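Report on the structure
One letter stands for each residue in the lines below.
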Amino acid sequence: MRQRRAVRAIGSLIFLTMGVLCLLVCNLCMGSVKLAPSELWSGLTGGGTDAAAGMILWEIRFPRAIAAMILGGALGLAGYLLQTFFRNPIAGPFILGISSGAKMAVAVVMVFLLGRAVRVNALTMILAAFAGAMLSMGFVLLLSRRVRSMAMLVVSGVMIGYICSAVTEFIVTFANDADIVNLHNWSRGSFSGMTWEDVAVMSGIVLITSGAVFGMVKPLSAYQLGDAYASNLGVDLRSLRTAMVVLSGILSACIVAYAGPISFVGVAVPHLMRGMFGTSRPILLIPACFLGGSLFCLFCDLLARMLLAPTELSISTMTAVFGAPVVIWIMARRGRERAG
Amino acid sequence: MKEDQTRERRAFFFRAQGLTVGYHGRPLIREMEFALEKGKILTLIGPNGAGKSTVLKTIVRQLEPLGGTVFLEGKDLTEVSQSGLSRIMAVVLTERLRGEWMTCEDVVATGRYPYTGRFGIFSEQDYRIVEEAMELVHALDIRDQSFCRISDGQRQRVMLARAICQEPELLILDEPTSYLDVRYKLEFLSILQRLCREKGLTVILSLHELELAAKVSDRLLCLKGERVYGYGTPEEIFCPGYIAKLFGIETGNFDEENGGMELEAPRGKPKVFVIGGGGRASAVYRYLQREGIPFAAGILPRNDVDYPAARALAAEVLATEPYEPVPEELLRDAERRMETCERVISCREHFGSLDRANAGLAAYAQEKKLPLEYRAKPADGEEQWRRSS
């Protein structure tokens, strides 16, 4: 049994890694300018004959694919942290209204700073998103003390999301036309327009945060047993909880600041990974959720670009199409388990 | 002076001094004093809501004590770090352990938490300890099953294995036997006893089953009301009438000596006279209780096995001192009572050469043409018994 599980875990990890690599290649090759995989290397090194293709590859597709990979991983991980924190299988940054809170804060900052002709840099956006994420998270935490039921928590999260969206709309009506266009594209969620500088900053933040999350595998494994058992095993619940909230907040903020709110990845990926690995051990699930999120987002971004090319669909459209059924499936399963 | 105190504390592995427990600053039980040597079992008993779980939660530091101190090997428990404590104390709580996507073995393995490294990777030794613990509670056959899909009884055994894995010196269990069937109740408590004897484990638990508490415990702590109601050995606590007082039993009866329970006795003038003795009559008494017929139980020495049931269920018991001849006036009294009853049931046909009194009663009933039936085992078939009556 032990061996069988090890084989399953390693096999799944290899499968996910290979999947991510394959999709990365697909994302780089496919598009209005098609490239054969063999042309990739020459295109990237600039040694190829076609300079324009090299430009598209190096300046547009490559940073975009990396961003989808990094931010997708961050989404999967943020969802995993929130589900563990609330001990609720349908928690996620989007469903709990955390993404919407971050979006609202970013909209406020963008409209007011752009209105004063101040250039908004990435770090300001991330900080604003983080503040917004923490604000929503605070509300959800307050509510979670009063409502014990899993469904009610989710409903409150969705309500918070609506309130934040309403505030965002309200702000947008006061913005200039140019700002609106800017904001509208971004608020639908998209991986487009990433620069290498963006990729560098987000990779730094996401990788450091993910490393910190991985450092908590042991206390997380105890935390998921329940508070009483965790504290008997010597876990400092207060600091662990704080760490989980802050880290999931940073991850969510980073995603929203760069790509806007992306729905359902955070809920669906951790669940799919638990099913795939057949375990809830954090030491496996943390890397799995990161890889799974990357895979999911690379796949959805590819479809978003290709399905109605040259028109681009919003990434949330694609993630909802593939993510929402998973959520429905989880809820149906929970209902059946309770009945049985 | 101070040294004396320290030494006294050391003599006990566990000691609660002036411990006050409660929720939200409101005391539930005040100034508890109790202590326990290493390798002993302390059981908390008391009515529902008396605070058994509150005391246990305070000991495992899930609740802050509102006053007083708990000493573990002479050390103030609040000064022991949480991670240090996790190697000393393991718990089995009534709170469900969440085990989604976990097999029983995974759950047991979580007990090794205090002993593994930064990332919780298991050594061969850890795996061996997990396996041994599962073997001890006979859970090896369900090791690969999902923790969410096993029965409550199996779950409780898995939880015990988990606690054993933690290699604690002190084990705290909150109503661990509630969901177990009789076989596993006995097995569960036997395992605890064995761990105490062999590994010097000290156990504090709460139990609802008084008859088991009386047998497994070295010390009992009775909780009722604001103060400790009683603390002592089972011999001291289980003296006649104590349990009825502790639980405020008004209907029915608990027999402290053998742990038996009887339902409320039918009241009124006896309609049936039962000649019993030697354990043959208890079932008849219970049958009459179920039918709601008041009865008199006839001549029983106070050490007869039928005597506890008779005392609990009969409207009148005609009892004699053991190993003494039956006084003549008691015999006459029994005869008079028999005559006023509608039926006489003799549970015995043979009385032996020394039980002249009951033999005499049966003969008297026959002589006077009283409605006498011989009934040894109504359990043989109630139908048949009713027909003949």
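Please refer to the structure placed before this passage.
The rules we used
- Residues numbered from 1 in each chain as written.
- Chains lettered and ligands numbered in written order.
- Predicted model: local features only at pLDDT ≥ 70, side-chain atom pairs only at ≥ 80, totals over all residues.
- Heavy atoms only, no water.
- Helix = DSSP H or I, 4+ residues; strand = E, 2+ residues; numbered from the N terminus.
- Rg over C-alpha atoms; globule rule 2.2 N^0.38 Å.
- Buried < 20%, exposed > 50% of the residue type's maximum accessible area, 1.4 Å probe, protein only.
- Contact = heavy atoms within 4.5 Å.
- Areas by Shrake-Rupley, 256 points an atom, 1.4 Å probe, with all protein chains shown as cover.
- Lys, Arg positive; Asp, Glu negative; His and termini not counted.
- Charge placed at Lys NZ, Arg CZ, Asp CG, Glu CD.
- Pairing = 2+ DSSP bridges.
- Right-handed = clockwise from strand over helix to strand, strands pointing away.
- Phe/Tyr/Trp six-rings, centres within 6.5 Å; stacked < 30°, edge-to-face > 60°.
- Lys NZ or Arg CZ within 6 Å of the ring centre and 35° of its normal.
- Buried area = accessible area lost by both parts, 1.4 Å probe.
- Salt bridge = Lys/Arg side-chain N within 4 Å of Asp/Glu carboxyl O.
- Polar contact = N/O pair within 3.5 Å; in protein donor to acceptor, adjacent residues only side chain to side chain.
- Nonpolar A, V, L, I, M, F, W, Y, C, P; charged D, E, K, R; others polar.

1. Overview of the overall build of chain B
- Tallying secondary structure elements over chain B gives 15 helices and 17 strands in all.
- For chain B, whose C-alpha radius of gyration is 27 Å, the value lies well above the compact-globule estimate of 21 Å for 389 residues.
- Principal-axis analysis of the C-alpha atoms places the extent of chain B at approximately 90 × 55 × 40 Å.
- For chain B, the proportion of its 389 residues judged to be buried stands at 51%.
- Partitioning the contacts of chain B with sequence separation of at least 6, the portion at a separation of at least 24 is 64%.
- For chain B, the exposed area adds up to about 19100 Å²; of that, 48% sits on carbon and sulfur atoms.
- Both charge centroids of chain B, one from 54 positive and one from 60 negative side chains, sit 2 Å from each other.

2. Observations concerning the pairing of strand 14 (residues 295-301) of chain B
Residue and element names in this part refer to chain B.
- The buried fraction of strand 14 is high, at 6 of 7 residues.
- Direction of pairing for strand 13 (residues 272-275) relative to strand 14: parallel, over a ladder of 4 bridges. Its bridge partner being in strand 14, F273 is matched across the sheet by A296.
- With helix 11 (residues 282-291) bridging strand 13 and the parallel strand 14, this β-α-β connection has right-handed handedness.
- Pairing of strand 14 with strand 15 (residues 316-320), which is carried by 4 bridges, proceeds in the parallel orientation. Along strand 15, the bridge assignment pairs A296 with E316.

3. Describing the packing of aromatic side chains
- Enumeration over the complete set of coordinates arrives at 12 aromatic pairs over all chains.
- Centroid distance W58 of chain A to F62 of chain A: 5.8 Å. Interplanar angle 40°. Geometry classified as tilted. Of the two residues, W58 of chain A and F62 of chain A are both situated in helix 3 (residues 51-86); the distance of 4 residues between them amounts to about one turn of the helix.
- We classify W58 of chain A as partly exposed; its relative accessible area is 37%.
- Relative to F295 of chain B, the ring of Y285 of chain B has its centre 5.3 Å away and its plane inclined at 10°; by these criteria the two rings are stacked. On the criterion of sequence distance, the pair formed by Y285 of chain B in helix 11 and F295 of chain B in strand 14 is long-range, its members being 10 residues apart.
- Under the relative-accessibility criterion, Y285 of chain B is labelled buried at 0%.
- An aromatic cluster of at least three residues, connected via ring pairs, comprises W58, F62 and W196 of chain A.
- The ring of Y113 of chain B carries K218 of chain A above its face, with NZ or CZ at 4.5 Å from the centroid.

4. Re the interface of chain A and chain B
- Contacts between chain A and chain B engage 31 residues on the former and 34 residues on the latter.
- Between chain A and chain B, a total of about 2800 Å² is buried, with carbon and sulfur atoms accounting for 55% of that surface.
- Looking only at chain A, the three residues that lose the most surface to chain B are K218, Y229 and N232 of chain A, adding up to 27% of its buried area.
- D106 of chain B serves as the salt-bridge partner of R5 of chain A, at 2.6 Å between the closest nitrogen and oxygen.
- Seen at the junction of chain A and chain B, the total is 11 residue pairs in polar contact (both at pLDDT 80 or more).
- Here the side of chain A that touches chain B is composed, by residue class, of 11 nonpolar, 11 polar and 9 charged.

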